[in-house]
Every structure is written in C-alpha cells, then in structure tokens.
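# Structural features, examined
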Amino acid sequence: LVIPGDKITLSGFTGAVGNNQSGIVVSRTAAKIVLVTATALVDDAAGEAVTVTTNTLAIRPGSTRRSYSILRNFTDLLEAAKPFHIIPGVEFNTLGLTFALDANVTATFAALGRDYDTAGTAPSGSTYTDAGVICPFTSHTGTLRENGTAISIVTEGSLTLENGLAPRFVMFSDMMNEPMIGRSNLSGSITAYFENATLLDKFLNETASTLEFVVEVGGWRY
C-alpha cells in the first residue's frame, strides 16, 4: 500500500522517457497518485509496460513486539571478575540521528531492559563477535531534499523516533514487566541560512512537507 511520504520509482516509459524518475507521494486515491518529482511528469500514450517500484520512506510502526538479550564482554577481566554482562528483555525505545557540518553523523539509542546479570562465562549457546572497524558516515557526501527538491542552505538536521514504551514496575521485585506500548512519534528539526521566507512560511502556515537525508560512505547509503 502506497501512502503519502513514500518514495516510488517509475521505469519503462519509452515515449515520455523523462517520466522515468523517482518521486515522493503527496496524495493517493483509488484512481490517482500525486507525486513530487525533480522534473514535471508529462502525458504519455497508453499501452506501455510501466513499472512502479516502491521505496518506502514513511515510518510505519509494526504490530509484532521484539525483545533482545544484550551480551557485553570485558575482555581485559579474568573469569573470577565476571567479565560477561547480560541484559535480557531489551526493547529499543528511541533512535536519534544528528547531521552537522564538518562532522560525523551520530546516532543514539535508548532501550528498556528487564534485568542485569553478571557471569564469569558466556551463556550457553550465545555467540558474539569483536566490534568491527568501519568508516563513519559524515556530512560531506550525500544529498538532502525538502519536499522532493534538493536544498543547499541547511546547516544542521536531526531526527528522533520514539516508540512510546513506558516501564511497568511492580511491588517487591527489582525486575520490570513487559513495557507498556504508546504511540510512535517521529520528530525532527533543521537549521538553515535565511535567504528567503519559503521555509519560514511553511512553518508559520503549518504546511506539510518531506525531508530526505541520504549519506554515503564506502558504497553504503543510508
């Protein structure tokens, strides 16, 4: 199901080849999808085999709860010092992304865990690997689009996704029950140079828009 905010790619046009491009869905009905594209779409003769590929950008909360056990190993400690720390029943609650000038892209996570244990050896059947060495994402390579159009006056941006989880503590126990589920909320902000009133008017008029951040490093895109 395509909804406003999704990104779709059109291909297969042989007459109006300029229609072979990507766009952001603004509205959708049973008979029509309205897109924001880099160049305007034009009418084309019927009969072509056109393919529509959906690259979902909208955040859709799922209905399946997932929890994890996090295992941490302090390799410089002896077994008697209990180097293995286990946190069971972890559910991730928030994700924050920050894009800044001449800096790495930073991400922060917040989670709720049911308990915290220490041990001299790893739990039976557990596996873990050493931390990898990778290049960080930076603000030097990538693209930024506002309402489907590249924008080059932004100096900082941030996105925060909140799952709305809340802890449920009970009497006479130091362990938490399964967290309560609230409403998911995605918020963000940008800082931009003031060159005209376009962005300010959108803010004052509460005009809906879209933001698309793409960062790249070593062939990876996010």
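Bear in mind that the values here come from a model prediction, so they are computed numbers and not experimental data.

Before going further, it helps to spend a moment on unusual backbone geometry. If you check the backbone angles, K82 has positive phi at about 55 degrees while not being a glycine. With respect to the secondary-structure elements, K82 resides in the loop between β5 (68-73) and β6 (84-100). Of note in this structure, E206 is not a glycine but carries a positive phi near 55 degrees. With respect to the element layout, E206 can be found in the loop between α1 (198-204) and β15 (211-217). The exposure class of E206 is exposed, given its relative accessible area of 73%.

Moving on, we come to the side chain of E146. With respect to the secondary-structure elements, E146 resides in strand β9 (residues 142-146). Residue classification places E146 among the buried residues on the basis of a relative accessible area of 11%. At 2.7 Å, the side chain of E146 forms a polar contact with the side chain of K202. Each residue touching E146, except ones within four places of it in the same chain, is listed here: I151, L199, K202, S209, T210 and L211.

Glancing now at a nonpolar patch on the surface. A cluster of nonpolar residues, Y68, I70, F92 and F109, forms a patch on the protein surface that exposes about 400 Å² of accessible area. Within the secondary structure, F109 is located in strand β7 (residues 106-112). Residue classification places F109 among the exposed residues on the basis of a relative accessible area of 56%.

Further remarks concern the packing of aromatic side chains. Within the structure shown, the criterion is met by three aromatic pairs. A centroid spacing of 6.2 Å and a plane angle of 75 degrees characterise the contact between F92 and F109, whose relative ring orientation is edge-to-face. Here F92, found in strand β6, pairs with F109, found in strand β7; they are 17 residues apart in sequence, far enough to count as distant. Of the residues examined, F92 reaches a relative accessible area of 38% and is grouped as partly exposed. Relative to F213, the ring of F99 has its centre 4.4 Å away and its plane inclined at 5 degrees; by these criteria the two rings are stacked. Taken together, the positions of F99 in strand β6 and F213 in strand β15 put the pair 114 residues apart, joining distant regions of the chain. Overall, the relative accessible area of 9% leaves F99 in the buried class. Members of the aromatic cluster, connected to one another through ring pairs, are Y68, F92 and F109.

Across the two faces of strand β1 (residues 7-11) the burial differs, with I8 and L10 buried and K7, T9 and S11 not buried at all. Here β1 pairs with strand β2 (residues 22-28) via three bridges, running antiparallel. Bridge assignment links T9 to a residue of β2, and that residue is S22.

The next thing to look at is the nonpolar core. Counting nine residues, the largest nonpolar core consists of L97, F99, V105, L144, I151, I153, V154, F213 and V215. For this core, the elements supplying multiple residues, two or more each, are β6 and β15. With six residues, the next largest nonpolar core counts V2, L10, V25 and L35 among its residues.

Now for the pairing of β9. Note: β9 against β15, five bridges, orientation antiparallel. Its bridge partner lying in β15, E146 is registered against L211. Of the pairings in the sheet, the one linking β9 to strand β10 (residues 149-150) comprises two bridges and is antiparallel in character. The residue of β10 that forms the bridge with E146 is T149.

Cut-offs applied
Each chain has its residues counted from 1, following the order in which its sequence is written. With pLDDT at 70 or above as the cut-off, local features in this predicted model cover only qualifying residues; side-chain atom pairs require 80 or more to be listed or tallied, and sums for whole chains, interfaces and linings still use all residues. Hydrogen atoms and water are omitted, and side-chain values are computed over all heavy atoms in the structure. By the criteria applied, helices consist of DSSP H or I runs no shorter than four residues and strands consist of E runs no shorter than two, each listed in order from the N terminus. Classification of residues uses two cut-offs on accessible area relative to the type maximum, computed with a 1.4 Å probe and protein chains only: under 20% is buried, over 50% is exposed, and between them is partly exposed. Identification of polar contacts relies on pairs of N or O atoms within 3.5 Å, with a donor-acceptor requirement for protein atoms, meaning one able to donate a hydrogen and the other able to accept it, and with residues adjacent in sequence counted only if both atoms are side-chain atoms. Here a residue-residue contact requires only that any non-hydrogen atoms of the pair lie within 4.5 Å. Patch construction takes residues with relative accessible area above 30% that form no salt bridge. Like charges are linked within 9 Å, and nonpolar side chains (Val, Leu, Ile, Met, Phe, Trp, Tyr) are linked within 5 Å. Note on areas: these come from Shrake-Rupley sampling with a 1.4 Å probe, and a residue is covered only by the protein chains present in the view. Throughout this description, the term salt bridge denotes a Lys or Arg side-chain nitrogen within 4 Å of a carboxyl oxygen of Asp or Glu. Aromatic pairing here means that ring centres of Phe, Tyr or Trp (its six-membered ring) are within 6.5 Å. Orientation follows from the plane angle: under 30 degrees is stacked, over 60 is edge-to-face, and everything else is tilted. One requirement defines pairing of two strands: DSSP has to find at least two bridges between them. In these notes, a set of buried Ala, Val, Leu, Ile, Met, Phe, Trp, Tyr and Cys residues joined through side-chain atoms within 4.5 Å is what counts as a nonpolar core.

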